[in-house]
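Take a look at the letters that make up each chain.
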Amino acid sequence: MMKGCLQFLIEPAKKLKIRLKESRKRVKQEKKEPLVESQLFIMELGRELNRICQRSNILSHIWTGEDIWPASVSRDFIVDWAAILEKRVQYEKPEKRDWKGHLLCMLESEGEYDMGPYRRVILDWTREIKSRAQVNAHKPPVWPGEPVLMMLDDLEFQWKRGRLPNLLPAVELIMLAVLNADIWNWICDASEDVILDSESANPNLVISTDEKRLRCGLERRVVPPCPGRFDGWWCAVGREAYSSGRHYWEVEVGERDWRLGVAKASAVRQGFRSLNTDTGYLTIRLERGTDLKALTVPATLLPQNATPRKVGVYLDYELGQLSFYDVEKRSHLYTYNENFTEELYPLFGTVEVVKDLVVRPAGVRQPCLCPGPCLWT
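Since this is a predicted model, take the numbers as computed values, not measurements. (Residues numbered from 1 in each chain as written. Predicted model: local features only at pLDDT ≥ 70, side-chain atom pairs only at ≥ 80, totals over all residues. Heavy atoms only, no water.)

Caption draft 1: Looking closely at the overall build of the protein chain. Each helix and strand in the protein chain was counted, giving 8 helices and 13 strands. Burial status across the protein chain gives 46% buried among its 377 residues. (Helix = DSSP H or I, 4+ residues; strand = E, 2+ residues; numbered from the N terminus. Buried < 20%, exposed > 50% of the residue type's maximum accessible area, 1.4 Å probe, protein only.)

This is the structure:
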């Protein structure tokens, strides 16, 4: 009686056992097949990334051959990441490669058509990272921080239990972490020592003797007339204007009301006209301590949880890009894209009477809050 009741479970269990045996046999046969160049490249990339980014051994499963990606997955990964890294260095290599055309030729040739250029882009990037590490031998190996390590541990756990087909997400996570640090360092390499122009400052503003701090005073100053002075909004500009190149500066901001960005040379500074893109100003502003917005037309509201304490402003004149970053979180806030045709002045504004708005010296980097060696150092 009992045997008859359990019969409906016995037969499916036998079939499942047979399927598992066949699956394991098929995997072993696949592993015995000779690997193509793209698969061998992924194994070598795993070894190189493991040397660059220590404190996690997840990539050892790749370069020891435990996790072998299908050839098609390997090729797609190489092509996609070559395009990403090529875009990263396009400012150094103006000529662009026809990646799509190259990919079509590869597909027409059944896969392994001349993957050399793609592999070369990725290898050049890993060598660049390693060479910088050798030059700065006193610095610790790259460590992506506890959050990334926790994610890598979870990915390894899922892969070992068969819930992930391969460790491609782990490789991409590590490459993104290293790439983000690389891009941040490149942005900071364009640091400028911005000095406030006291002759442009609204009479209600008080500027420090070193012309690095400003706040709203309790009394309006008596100042000589100046065509470049703000007499309405509580603003000032930097002493130097930019008409080419890359420039980056950081500002410690208040908690209630401030604005940062750039002003075009032709922008009107007198009166209380709206300081937005229509009047020649590309800025972000915090109002009432909570409303962070980009002053486009109409204004673009930014996430309320994005309110920063230190703001980085990055200008690439030739690319027509003005970006704002939360320095402490190293996160992007907003980007203007425009074809610049005239000089741009760094713009600063505040109505706070207690806390200064501070232009940070060039080269001062935000210390990492991670315990131990960190990716950002």
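Next, the rest of the story.
Caption draft 2: Quick look at the pairing of strand E10 (residues 321-326). Among the 6 residues in E10, 6 count as buried, and that is most of the element. Taking every second residue as pointing to the same face, both faces of E10 are buried, with Gln321, Ser323 and Tyr325 on one and Leu322, Phe324 and Asp326 on the other. Both E10 and strand E11 (residues 331-337) contribute to a ladder of 6 bridges, which runs antiparallel. Its bridge partner being in E11, Ser323 is matched across the sheet by Thr335. Counted between consecutive antiparallel strands, the loop separating E10 from E11 contains 4 residues, among which Arg330 sits at a positive phi close to 50°. (Pairing = 2+ DSSP bridges.)

Caption draft 3: The arrangement of the pattern of salt bridges in detail. In total, this model carries 17 salt bridges according to the counting rule given. The partner of Glu156 in a salt bridge is Lys160, and the shortest N-O contact between them spans 3.7 Å. In this pair, Glu156 and Lys160 both sit in helix H7 (residues 146-160), 4 residues apart, roughly one turn of the helix. Glu156 sits in the buried class, given a relative accessible area of 16%. Taking relative accessible area as the criterion, Lys160 reaches 53% and is therefore assigned exposed. Each member of the salt-bridge network shares a partner with another, and the members are Asp257, Arg285, Glu287 and Lys293. (Salt bridge = Lys/Arg side-chain N within 4 Å of Asp/Glu carboxyl O.)

Caption draft 4: Examining the sheet that holds strand E1 (residues 205-207) more closely. One open sheet accounts for 7 strands, arranged E1-E2-E13-E4-E9-E10-E11; its pairing is antiparallel. Taken across any chain shown, the strands that pair with only one partner, and hence form the sheet edges, are E1 and E11. Taking each pair of neighbouring strands and ignoring which way they run, the sheet shows an average axis angle of 20°. (Axes fitted to C-alpha atoms, helices over the stretch in contact; angles between N-to-C directions.)

Caption draft 5: Broad picture of the sheet that holds strand E12 (residues 344-350). Ordered by their spatial adjacency, 6 strands build an open sheet running E3-E12-E5-E6-E7-E8, and the pairing between neighbours is antiparallel. Single-partner strands in this sheet number two, and they are strand E3 (235-237) and strand E8 (300-301). Where strand E5 (residues 258-264) and E12 come together, 7 bridges link them in antiparallel fashion. From the neighbouring strand, Val262 faces E12, where its bridge partner is Pro346.

Caption draft 6: A look at the nonpolar core. Ranked by size, the top nonpolar core spans 36 residues in total, and within it Phe77 and Met175 carry the most contacts. At the level of elements, helix H2 (37-52), helix H4 (71-88), helix H6 (116-135), H7 and helix H8 (168-188) are the ones that each hand at least two residues to this core. With 8 residues, H8 is the largest single contributor of residues to this core. Aside from chain neighbours lying at most four places away, what touches Met175 is Leu45, Leu49, Phe77, Trp81, Leu85 and Trp125. Trp249, Leu302, Leu333 and Val359 belong to the second-largest nonpolar core, a separate cluster that totals 35 residues. (Core = buried A, V, L, I, M, F, W, Y, C linked by side-chain atoms within 4.5 Å. Contact = heavy atoms within 4.5 Å.)

Caption draft 7: Main features of the confidence of the model for the protein chain. When the pLDDT values of the protein chain are averaged, the result is 79; 76% of them are 70 or greater. Across residues 367-377 the pLDDT falls below 50, and counting only partners more than four positions away or on other chains, this stretch makes 21 contacts in the model. (pLDDT = per-residue confidence, 0-100.)

Caption draft 8: Geometry of the packing of aromatic side chains. Under the counting rule described, the total for this entry stands at 10 aromatic pairs. Taking 6.3 Å as the distance between ring centres and 35° as the angle between the ring planes, the aromatic pair formed by Phe77 and Trp81 counts as tilted. Taken together, the positions of Phe77 and Trp81, both in helix H4 and 4 residues apart, correspond to about one turn of that helix. Taken individually, Phe77 and Trp81 each receive the classification buried, so the pair is uniform in this respect. Through a chain of ring-to-ring contacts, three or more aromatic side chains come together here, namely Trp69, Phe77 and Trp81. Seen from the ring of Trp186, Arg246 lies directly overhead, with NZ or CZ sitting 3.8 Å from the centre. Positioned above the aromatic ring of Trp233, the side-chain terminus of Arg259 is 5.1 Å from the ring centre. (Phe/Tyr/Trp six-rings, centres within 6.5 Å; stacked < 30°, edge-to-face > 60°. Lys NZ or Arg CZ within 6 Å of the ring centre and 35° of its normal.)

Caption draft 9: Representation of unusual backbone geometry. Of the consecutive residues Val297 and Pro298, the connecting peptide bond is found in the cis state with omega at -5°. When you line up the elements, Pro298 lands in the loop between strand E7 (291-294) and E8. Its identity as a non-glycine residue notwithstanding, Glu211 has a phi of 55°, on the positive side. Along the chain, the position of Glu211 falls in the loop between E1 and strand E2 (213-216). One non-glycine residue, Arg288, adopts positive backbone phi at about 55°. With respect to the helices and strands, the residue Arg288 is situated in the loop between strand E6 (281-287) and E7. When its relative accessible area of 52% is taken as the criterion, Arg288 is described as exposed.

Caption draft 10: Structural view of the environment of Trp184. Position of Trp184 among the secondary structure elements: in helix H8. Between the C-alpha atoms of Trp184 and Val327, which are 143 residues apart in sequence, the distance is 9.9 Å.

Caption draft 11: Main features of the environment of Asp356. Within the secondary structure, Asp356 is located in the loop between E12 and strand E13 (357-359). A sequence separation of 148 residues divides Asp356 from Ser208, and the C-alpha atoms of the two residues are 9.5 Å apart. At 3.4 Å, the side chain of Asp356 and the side chain of Arg215 are in polar contact. (Polar contact = N/O pair within 3.5 Å; in protein donor to acceptor, adjacent residues only side chain to side chain.)

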